[in-house]
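Here is how the chains run, residue by residue.
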Amino acid sequence: MTAETAKTGGPAAAPQDMPPAIELRGISKAFGPVQANKDINLTVARGSIHGIIGENGAGKSTLMSILYGFYKPDSGEIRINGTPIQITDSMTAIRAGIGMVFQHFKLVRNFTVLENIILGAEDGPMLRPSLARARTRLRELAEEYELQVDPDETIDELSVGHQQRVEILKALYRQADILILDEPTGVLTPAEADHLFRILNGLRDEGKTIILITHKLREIMEITDTVSVMRRGEMVASVRTAETSPEELAELMVGRKVLLEVDKSPAQPGTPVLEVRNLRLIDDEKVERIRGISFDIRAGEIVGIAGVSGNGQTQLLELLGGFPEKGAKVSGEILMNGQSLDLSGRRSDAATRRARGIGHVPEDRQDEGLIMDFAAWENVAFGYHNTPEYSNGIWLDRKAIRTDAEGKIERFDVRPPNPDLAARNFSGGNQQKIVVAREVERNPDLLLIGQPTRGVDIGAIEFIHKRIVELRDAGKAVLLVSVELDEIMSLSDRILVMFDGMIMGERDPETTTAGELGLLMAGVTDTPAEGAA
Amino acid sequence: MDFNTIIQILDSSVRLMTPLLLACLAGLYSERAGVFDIGLEGKMLMAAFSAATVAALTGNVWLGLAAGIAGSLALSLVHGVASITFRGNQLISGVAINFLASGLTVLLGQKIFGLGGRTPNLSGGARFSEIRLPFADQLRDVPVIGPIYADLISGHTILVYVAFLCVPATWWLLYRTRFGLRLRAVGENPASVDTAGVSVTRLRYAAVAICGVLCGLAGAYLATGLSAGFVKEMTAGRGFIALAALIFAKWTPWGALFATFLFGLLEAIANRYPNLEIGPVTIPSMFMNALPYILTVIILAGFVGRAIPPRAGGEPYVKER
Amino acid sequence: MDKMPKWADVVLTPLISLFLAFAISGLVILAIGESPWEALKTMVTGALGSSYGWGFTLYYATNFIFTGLAVAVAYHAAMFNIGGEGQAGLGGLGVAMVCLFIPWPHWSLALIAAMIGSALFGAAWAYIPAILQAKRGSHIVITTIMFNFIAAALLNWALVNWLRPIGSMDPASANFPASTHLPKITDMFAGFGIEWGKHTPANITFFVALLACLAVWLLIWRTRLGYEIRAFGKSESAARYAGISPTRITVIAMLISGGLAGMMAINNVMGEGERLILNNVEGAGFIGIAVALMGRNHPIGVLLAALLFGFLYQGGGELALWTSIPRELIIVIQALVILFTGALDNMVRMPLEAFFLSRRRRGTAERS
């Protein structure tokens, strides 16, 4: 596949034939019965930005963890700058010039930036000289690469974007030549993401090699020189970015033509089901997460909320679902079918919300929607276990729940169709089907649904989208929150864009464009007053 | 209450706080590295027993001290294997260690000495003797400063001075050295240390070992300094008071000094006045004995300042993708 | 797929852990120059060889069932209740007040009242740590440890300054009136003309303990409350999503836990001592931890583990009587059981998982 053969590897090679910065040959890794990486080959040229794209669970992170010494591959060979190397731990990786920016930052939150930078890379047993040197070096790096950050600030006080800069600085301080970034833009606003890309371009121009792991096609097209696609643990293609198209990459990613369009008839909205008025939420750390938003959802329509994650959508869903973060202060008004909901008192819990006709497929099914150790049948009653259908005095009506569970498993094609299997033993898609079955079949007047297809295979995505549209067609209201713009655009009847706890505007999915939504998601709006209204 | 009484009470507080201080600092190292340790009690007990036994057999208190440290370290190793290597439940491991020490000390003591779990009384070179600081006697008659120097500061065993020196030493180690930076980091976010190429396991073992050494000093002091020999269950909950002091101290070295002094003072007062009369109210000694625990609960409840433990405390470190 | 079959996880792991704990205990016995085999024989004969031995074994087991269930219930709600010792001590105070201050016409009424009294006192003692955990986030392990010491001081004070009969130097309450004395199992057998376990303290409370096992099983696996407790114990965020109040479950689970620990007092204080003495719990609260861990927090497991520890306790007493092994050996065994089943469980589980995984791999390879 690759033309380079480093077997002879003599110094006679001309400069343009320099060995690649990274070369992986036949890397395989299994976790128990799961084959996470299968015979992976990868070549990344020095001084380039290489994208690795694939769905959740395709094995991208595992591969990079192997490169960073977190996991030992079962077989295969790694070469850095043409030299074979055994990366047994992160120290070896760092010494080989590899730096990694993880999706979840590895920072000590009550340490200062400076302390975080030197951690593990101190000059000697005393801290003072290390800190002084780091301070100087940090100033140089900041100027060189637009990486300004206050060295004496503690991490807790920094924005997410700045925390990421600290991670990049950590790698550069360790003189990394190869920088791996795992889903770096997931938590960034478009403006912050642009800034990051500028930094990355600058680093490449300095001769650094960058690997960008992402599942966003747009980013790949925008910044990478070459791109590899992973699918189910295998490397299915490596191409030059200029010679491919988003459509081709998407197809490679999922393995067949993607049907992003959802088949649905025009909405016939009825009376308002949910009316939100001037809703505010201030969290435990006194940060205003939702800043006075107002909107309606009517019967028979799907309202999609677009936005970069971390702009208040999660808080909105949790608040509507009756479980805002502990210690949060809520004000404003919410009407459900014309009657106001208790926002902070005894009747503001999730059980009461369900009784008022609000179903909820939460963003995080493993941490919220399911009890992973419970059997599938037990999970079918989760949240509704006190309803008359599922209970009998103080007792749980196990027979009724089981019967219902068997029906749901059949109707939603949950595989394997075994109600006794613990939730954790189902695939992501099948777990989600259990949650969706539970919430949709209660026939709620309002369905809250967050990231419905995150980590879900294509087949299940279509199935879940169909159920959502069916619920709408049955005259119910749906509030959809997703960070996947494509999903929002194809499923919603109206789109609201959230940014920094405010609604930046409303758009019609038929007439708007991804570009227009992207601007709103970045906080750029033509009608700035709307959010505060 | 005259000045001399106050000096006497303070002097006794210093003696009583010493094992608490050493054990509290021991817990500080372990918990700052993210390993909860409710086994301080057991380690102290084991150390007290080993120290007294070897001191009684050899007549040499220094060998006793070494044995005390070794005994405590052995239990630390068990805790390390359970909670670091096998990622077990740190609290349960601590409970087990307390019982292990409680049972083994009597079993071995009975085997070696046949005194129902006691060691023979220690005397002479088998005990730590009190150190008289220079000019203590000459200065005694100077008003105020004299008695403070001669009776309060002077006249303790070497381990008391070691314990007090451990406070600034711990502070320096934690906040001024590479080791301290890494230690604190591993208790807050072990992933940050691991991804920086530093071994979480090694750091945590180091912390647990330091904890063992300090508990060893604490136990040795109990059996060969404060008392003259080992008796069954002689720690009498001091390990738990040290744990309470650690929370009180909010996991800082100077806080530990203050908290253990407070608890030592309470014990000294309770010892001197079994039924303390304040005006018309008689405070029973039981109340004084329970006061450290009550105060700790109040602190834990966050009514007087919030005690926030190290973030990764109690969590075994598992590498994540 | 699970890494190993459920039966292996439920039965094999604790059995291997137990085996390791006993093997090391055997080494300890060897180390102090005694024969483990002789020790075992003495223990078995002393605890199980006669109805007399059984009478004590069952008496101890009754204590451990209550404290074991107490730990288990809290564990299902993801809380580690180390406060059984203090809660059981307070339960004793409740029993003493019921028996001393109210004239009872018949023991059965006194028993019911004492059950309520002990449970209330035990629950009350668990309530404060529970509410502090739920509302203020104070770590329940630390608060329950502190409450053990506070309970000891409180009991000490109550016995010395309040319940001690005038003129007595002994820090103990007066003897309970005869109408509150519970029937011993030996009396029940005597009713049928069978001689069993004369002069042993095993009493009717053993059957109350069996009922408590059943009740806890029903609670945890059959009721809505049990469902909520288990769900909360597995994931607090999911519980909140499902409308389960963390505060409510924390408090209720701890009340039940404390109540169960407190009820131990009807066995030792009312059934055996027939008066309240200092340090009446004698570490049974802590043994509950070992019992619950070994019994995997399941009532049947707790029952079996409690019987085992009852045997160890009685056998340990016999050891001290007939050999030169002190009864503290039991504490060592207890420590090792806690260590291996509770803290070193991964040491046993990891090789087992690898074993079953390789077997399954081979199995699938053969099939294909």
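Values in this document were obtained by computation on a predicted structure and should not be read as measured data.

(A) Geometry of the pattern of salt bridges. Residues and elements named next belong to chain A. Counted according to the given criterion, the structure contains 58 salt bridges over all chains. As a salt-bridge pair, Asp-152 and Arg-135 come within 3.0 Å of each other at their nearest N and O atoms. Note that Asp-152 is positioned in the loop between α4 (127–145) and α5 (160–173) and Arg-135 in helix α4, a separation of 17 residues in sequence. Since its relative accessible area comes to 45%, Asp-152 is described here as partly exposed. Residue Arg-135 is classed as partly exposed on the basis of its relative accessible area of 31%. Linked through salt bridges whose partners overlap, the residues forming this network are Glu-23, Arg-25, Glu-77 and Arg-79.

(B) Geometry of the nonpolar core. Ranked by size, the top nonpolar core spans 348 residues in total, and within it A:Leu67 and A:Leu200 carry the most contacts. The next biggest cluster of nonpolar side chains, apart from the first, holds 30 residues, and it includes A:Ile290, A:Leu320, A:Ile334 and A:Ile358.

(C) Region of the structure containing unusual backbone geometry. Here the amide bond leading from A:Arg415 into A:Pro416 is cis, since omega sits at -5°, within 30 degrees of zero. We note that A:Gln175 has phi near 55°; this positive angle belongs to a residue other than glycine. Among the structural elements, A:Gln175 can be located in the loop between α5 and β7 (178–182). In this structure, B:Glu233 takes a positive phi of about 55° despite not being glycine. Along the polypeptide, B:Glu233 turns up in the loop between α10 (200–226) and α11 (238–248).

(D) Focus on the packing of helix α1 (residues 3–32) of chain B against α10(B). Residue and element names in this part refer to chain B. Look at α1 against α10: their axes get within 7 Å of each other, and the N-to-C directions meet at 170°. Taken together, α1 and α10 sit at an angle that is classed as roughly antiparallel. Residues Arg-15, Leu-16, Thr-18, Pro-19, Leu-22, Ala-23, Leu-25, Ala-26, Gly-27, Tyr-29 and Ser-30 of α1 touch α10, and the partners they reach there are Ala-207, Val-208, Ile-210, Cys-211, Leu-214, Cys-215, Leu-217, Ala-218, Tyr-221, Leu-222 and Leu-226. Taken together, the residues that form the contact of α1 with α10 break down as 18 nonpolar, three polar and one charged.

(E) Representation of the state of the cysteines within the structure. Residues and elements named next belong to chain B. As enumerated under the stated definition, the model contains zero disulfides over all chains in all. As a non-bridged cysteine, Cys-166 has Cys-24 as the owner of its nearest cysteine sulfur, 12 Å distant. The class for Cys-166 is buried, based on a relative accessible area of 14%.

(F) The arrangement of the packing of aromatic side chains in detail. A full pass over the atoms with the stated rule returns 24 aromatic pairs over all chains. The interplanar angle of 70° and the centroid separation of 5.6 Å between the aromatic rings of C:Phe206 and C:Phe207 together place this pair among those described as edge-to-face. Taken together, the ring pairs connect C:Tyr59, C:Tyr60, C:Phe64 and C:Tyr313 into an aromatic cluster. Residue placement shows A:Arg354 over the ring face of A:Tyr384; its charged tip is 5.3 Å from the ring centre. The ring of C:Tyr241 carries the charged tip of A:Arg354 above its face, separated from the ring centre by 4.6 Å.

(G) Molecular detail of the environment of B:Val144. Locating B:Val144 in the fold gives a position in the loop between α5 (136–139) and α6 (145–153). Residues B:Val144 and B:Phe3, 141 residues apart in the sequence, show an inter-C-alpha distance of 8.3 Å.

(H) A look at the interface of chain A and chain C. Facing 34 residues of chain A, the contacting portion of chain C comprises 24 residues. Here chain A packs against chain C, burying approximately 2600 Å² in sum over the two surfaces, 56% of which is carbon and sulfur. The salt bridge partner of C:Lys234 is A:Asp373, with a shortest N-O separation of 3.4 Å. On inspection of chain A and its partner chain C, the count reaches 20 residue pairs in polar contact (both at pLDDT 80 or more). Of all the secondary structure elements, the ones that give two or more residues to the side of chain A that touches chain C are α10 (350–355), α11 (365–369), β18 (395–396) and α14 (428–440) of chain A.

(I) Inspection of the interface of chain B and chain C at higher detail. Counting residues at the interface gives 42 residues for chain B and 45 residues for chain C. Where chain B touches chain C, the interface holds one salt bridge. For C:Glu328, the salt bridge identified is with B:Lys232, shortest N-O distance 3.0 Å. In this assembly, chain B and chain C are joined by six residue pairs in polar contact (both at pLDDT 80 or more). For the side of chain B that touches chain C, the secondary-structure elements that each account for two or more residues are α3 (61–85), α4 (90–113), α11 and α13 (285–300) of chain B.

Definitions and limits used
Residues numbered from 1 in each chain as written. Chains lettered and ligands numbered in written order. Predicted model: local features only at pLDDT ≥ 70, side-chain atom pairs only at ≥ 80, totals over all residues. Heavy atoms only, no water. Salt bridge = Lys/Arg side-chain N within 4 Å of Asp/Glu carboxyl O. Helix = DSSP H or I, 4+ residues; strand = E, 2+ residues; numbered from the N terminus. Buried < 20%, exposed > 50% of the residue type's maximum accessible area, 1.4 Å probe, protein only. Core = buried A, V, L, I, M, F, W, Y, C linked by side-chain atoms within 4.5 Å. Axes fitted to C-alpha atoms, helices over the stretch in contact; angles between N-to-C directions. Parallel < 35°, antiparallel > 145°, perpendicular 65-115°, else oblique. Contact = heavy atoms within 4.5 Å. Nonpolar A, V, L, I, M, F, W, Y, C, P; charged D, E, K, R; others polar. Disulfide = S-S within 2.5 Å. Phe/Tyr/Trp six-rings, centres within 6.5 Å; stacked < 30°, edge-to-face > 60°. Lys NZ or Arg CZ within 6 Å of the ring centre and 35° of its normal. Buried area = accessible area lost by both parts, 1.4 Å probe. Polar contact = N/O pair within 3.5 Å; in protein donor to acceptor, adjacent residues only side chain to side chain.

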